[in-house]
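An overview of the molecular structure
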Amino acid sequence: MNTVNKRGTTPNNGDWAIEANELVKNFGNNRAVDNVNLNVRAGTIYGVLGPNGAGKTTTIRMLATLLRPDAGSARIFGHDVVKEAQIVRQLIGVTGQYASVDESLSATENLVIFSRLLGLGRAEARRKAEELLEEFSLTEAAKRPLKNFSGGMRRRLDLAASLIAQPPLIFLDEPTTGLDPRTRNQMWDTIRRLVKTGSTVMLTTQYLQEADELADRIAVIDRGQVVAEGTVNELKASVGTSSLQLSIQNSKDIQVARQIVERMLQVQSNVSAEGGKITAPMKEADRATDLLIALREAGIQLAELSVQKPTLDEVFLTITGQEVKENEAKASTESHKTEEIRG
Ligand SMILES: Nc1ncnc2c1ncn2[C@@H]1O[C@H](COP(=O)(O)OP(=O)(O)O)[C@@H](O)[C@H]1O
Ligand SMILES: [Mg+2]
């Protein structure tokens, strides 16, 4: 059992930061979260990937003690989110807290207040505020009242505020949705730095590229259910087929090369129109080694060989039957609101 002080202790790597067991949440007749199981190791970045309305936010709200599950259970560093909610709250940070940030105060003042509330001394609070404003490129805007901040600036201040306590587990609900590419990259760097300094991060995203960039493991959720789980590489491998591309030095060898490819990979291949290139589907990328040996034994010289893994987009499409489009993500917040009102 972990001992917990006011600002939370940093648990050992390898512990479970999150264990969710058959979580369920219904909104009327709508089962928003449908028996979700998730296990997240401390010290990692875990991505929850899914389209708008999949149940990502509802799942996070249950894990963060903001919403009571209808069924199932969850533990944060071993502590039950319902029975030990007070302890869990000291171990986590959740973005989306700017409801409690004062609009008429400046960014610096807000961060200092948060720091003092968390028990930091006056000088330490000011130092922390300055450090975070620097980190989030908000130094120039630091003295302005919040009501003059853009959406992106607010998002960054919000994340900064949630990081004052440096909680062992940080939930980031679509941290980069609607941000410009530069700010998004900055956010990614910050998230990586957090994990390097010992935190665990669970983030939700509709961006496949974001999950690919950041996450050690990913759960794909669709209609309230986990439909796939694993490392990025495992998910790509589960869809199976990489694509092999082979160019050979001497075009008179093409037919022999093609026969070898088909025999080694047990598939049909294609030869490009110009005749120099062979392409073939490839289930296991490590068959490439055997293929290279066979080609060399046959005295065939290669000009080029590449194996292309499937993209996460292909994975997502295969699993859920729907595409996630980058430009839809921005509109999602709006349509989400409408859904909530209807629901
Ligand atoms: N407070 C709420 N009241 C009623 N329905 C809700 C509420 N929050 C979410 N929902 C519904 O639950 C489903 C999952 O929503 P949500 O968890 O917000 O998905 P995501 O975060 O993946 O977009 C949606 O159908 C949504 O309309
Ligand atoms: Mg959401």
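The subject of this paragraph is the sheet that holds strand β6 (residues 92-94). Taken together, the six strands give an open sheet; going across it, the order is β6-β7-β8-β3-β9-β10, and neighbouring strands pair in mixed fashion. At either margin of the open sheet sits one strand with a lone partner, and together these are β6 and β10 (225-230). Strand-to-strand twist across the sheet, computed as the mean angle between neighbouring axes with direction ignored, equals 15 degrees. Sheet analysis places β6 next to strand β7 (residues 169-173), joined by three bridges and oriented parallel. Counted as the bridge partner of Ile-92 is Leu-169 from β7. Against the sheet, helix α1 (residues 56-63) contacts β3 (45-49), β7, β8 (200-205) and β9 (217-222), and its axis sits at roughly 155 degrees relative to β8. Set on the sheet, helix α11 (residues 312-320) makes contact with β3, β9 and β10; between it and β9 the angle comes to about 40 degrees.

On to the sheet that holds strand β14 (residues 302-308), then. Strand order in the open sheet formed by four strands is β12-β13-β11-β14, and the pairing between neighbours is antiparallel. Only two strands of the sheet have a single neighbouring strand rather than two, namely β12 (270-271) and β14. Sheet topology places β12 next to strand β13 (residues 277-282); two bridges connect them, and they run antiparallel. Its bridge partner being in β13, Asn-270 is matched across the sheet by Thr-279. Here helix α10 (residues 287-297) sits on the sheet and contacts β11 (242-248), β13 and β14; the angle it forms with β14, its principal contact strand, is near 165 degrees.

Further remarks concern the side chain of Ser-106. Considering the arrangement of structural elements, one finds Ser-106 in the loop between β6 and α3 (107-117). Here Ala-142 takes part through its backbone oxygen, which lies 3.4 Å from a polar atom of the side chain of Ser-106.

A few words now on α11. Listed as buried for α11 are Leu-312, Val-315, Phe-316 and Thr-320. Viewed end-on, α11 has its buried residues packed into an arc of 100 degrees, placing them on one side of the element. Summarising the contacts, the buried residues of α11 are in contact with β3, α7 (208-214), β9, β10 and α8 (232-238).

With that settled, consider the packing of α3 against helix α4 (residues 122-135). Between α3 and α4, whose axes approach to 8 Å, the crossing angle comes to 130 degrees. Classified by the angle their axes make, α3 and α4 are oblique. The crossing of α3 and α4 is right-handed. Touching Ala-107, Thr-108, Leu-111, Val-112, Ser-115 and Arg-116 of α3 are Arg-122, Ala-125, Arg-126, Lys-128, Ala-129, Leu-132 and Leu-133, all from α4. Partitioning the contact of α3 with α4 into residue classes produces seven nonpolar, two polar and four charged.

Residues of the protein chain with pLDDT of at least 70 account for 86%, and the chain-wide mean is 82. Within the protein chain, the lowest mean pLDDT, 36, falls on helix α12 (residues 326-342), and the highest, 98, falls on strand β4 (residues 71-76). Across residues 325-343 the pLDDT falls below 50, and counting only partners more than four positions away or on other chains, this stretch makes 15 contacts in the model.

Approximately 220 Å³ is the volume attributed to the second largest pocket. Forming the boundary of the second largest pocket are 14 residues, of which Leu-163, Gln-166, Leu-194, Thr-197 and Ser-199 lie nearest the centre. For the lining of the second largest pocket, the elements supplying multiple residues, two or more each, are α4 and α6 (181-196). Broken down by element, the lining of the second largest pocket gets its largest block of residues, four residues, from α4.

Calculation criteria
Residues numbered from 1 in each chain as written. Chains lettered and ligands numbered in written order. Predicted model: local features only at pLDDT ≥ 70, side-chain atom pairs only at ≥ 80, totals over all residues. Heavy atoms only, no water. Pairing = 2+ DSSP bridges. Helix = DSSP H or I, 4+ residues; strand = E, 2+ residues; numbered from the N terminus. Axes fitted to C-alpha atoms, helices over the stretch in contact; angles between N-to-C directions. Contact = heavy atoms within 4.5 Å. Polar contact = N/O pair within 3.5 Å; in protein donor to acceptor, adjacent residues only side chain to side chain. Buried < 20%, exposed > 50% of the residue type's maximum accessible area, 1.4 Å probe, protein only. Arc of directions from axis to C-beta. Parallel < 35°, antiparallel > 145°, perpendicular 65-115°, else oblique. Left-handed = near helix turned anticlockwise from the far one by under 90°. Nonpolar A, V, L, I, M, F, W, Y, C, P; charged D, E, K, R; others polar. pLDDT = per-residue confidence, 0-100. 1 Å grid on protein atoms, 1.4 Å probe; cavity = no way out; pocket = protein on both sides within 12 Å on 5 of 7 lines; lining within 4 Å. Points joined across faces, edges and corners; volume = space filled by probe spheres on them.

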